[in-house]
Amino acid sequence: MRELVNEKISVVTIFRKDSVKNEVIPYQIKWQARKYKISKVTYHHTLKEGKKLWHIFYVTDGNLDFKLKLDTDTLHWFLEEVTDGLTN
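The rules behind the values
Residues numbered from 1 in each chain as written. Predicted model: local features only at pLDDT ≥ 70, side-chain atom pairs only at ≥ 80, totals over all residues. Heavy atoms only, no water. Pairing = 2+ DSSP bridges. Helix = DSSP H or I, 4+ residues; strand = E, 2+ residues; numbered from the N terminus. Polar contact = N/O pair within 3.5 Å; in protein donor to acceptor, adjacent residues only side chain to side chain. Contact = heavy atoms within 4.5 Å. Buried < 20%, exposed > 50% of the residue type's maximum accessible area, 1.4 Å probe, protein only. Lys, Arg positive; Asp, Glu negative; His and termini not counted. Salt bridge = Lys/Arg side-chain N within 4 Å of Asp/Glu carboxyl O. Core = buried A, V, L, I, M, F, W, Y, C linked by side-chain atoms within 4.5 Å.

**Student:** Can you walk me through the pairing of strand E5 (residues 52–60) in this structure?
**Tutor:** Looking along a regular strand, one sees side chains alternate from face to face of the sheet. Sheet topology places strand E4 (residues 40–49) next to E5; 9 bridges connect them, and they run antiparallel. Looking at the pairing, His 45 lines up with Ile 56 of E5. Between E4 and E5, which pair antiparallel in sequence order, lie 2 residues; one of them, Gly 50, sits at a positive phi of approximately 65 degrees. Relative to strand E6 (residues 65–71), E5 runs antiparallel, the two sharing 7 bridges. Within E6, the residue paired with Thr 60 across the bridge is Asp 65. Hairpin connection, E5 to E6: the antiparallel pair is bridged by 4 residues, and Gly 62 has positive phi, about 100 degrees.

Written out as structure tokens, the structure is:
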């Protein structure tokens with residue numbers, strides 16, 4: 001089942017930079033007083049809305065899938081949706 005959320009959340013983030021590439025990796029999210037350790041980033045892309053640049057991440061903890069948005073101006077994270085992989 002897919003749940004639309006659109007809430008500001010806390011994310012433990014790894015910023016990794018080397019001579020080849022720069023990476024932003026969401027490591028753990030905290031949502032509704034629960035922590036979810038991210039096991040895999042399944043997809044990442046950027047989205048430009050006017051002058052605002054968002055980083056969109058599709059991640060999983062192995063049980064639930066999450067769509068996250070990172071606001072590059074404020075560095076605030078938002079949980080857009082959660083999916084458990086089951087149909088309604």
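Next, the rest of the story.
**Student:** I tried to follow the side chain of Thr 60 on my own but got confused; where do I start?
**Tutor:** The topology assignment puts Thr 60 in strand E5. Within polar-contact distance, the side chain of Thr 60 engages the backbone nitrogen of Gly 62 at 3.0 Å. Leave out the neighbours within four places in its chain, and Thr 60 touches Lys 37, Ile 38, Ser 39, Lys 40, Thr 42 and Asp 65.

**Student:** Got a minute to help me understand the side chain of Glu 80 in this structure?
**Tutor:** Tracing the sequence through the fold places Glu 80 in strand E7 (residues 77–83). No salt bridge is formed by the buried Glu 80; the nearest opposite charge belongs to Lys 69, separated by 4.3 Å. Apart from the residues within four sequence positions on either side, Glu 80 is in contact with Glu 3, Leu 4, Val 5, Asn 6, Lys 67 and Lys 69.

**Student:** Which parts of the structure should I look at to understand the nonpolar core?
**Tutor:** Note on soluble globular proteins: their nonpolar side chains tend to be buried together. Core analysis: the biggest nonpolar cluster contains 16 residues, and Ile 9, Ile 29, Phe 66, Leu 68 and Leu 79 have the highest contact counts within it. With residues near it in sequence (within four places) discarded, Phe 66 still touches Ile 29, Tyr 36, Ile 38, Phe 57, Tyr 58, Val 59, Asp 61, Leu 79, Glu 81 and Val 82.

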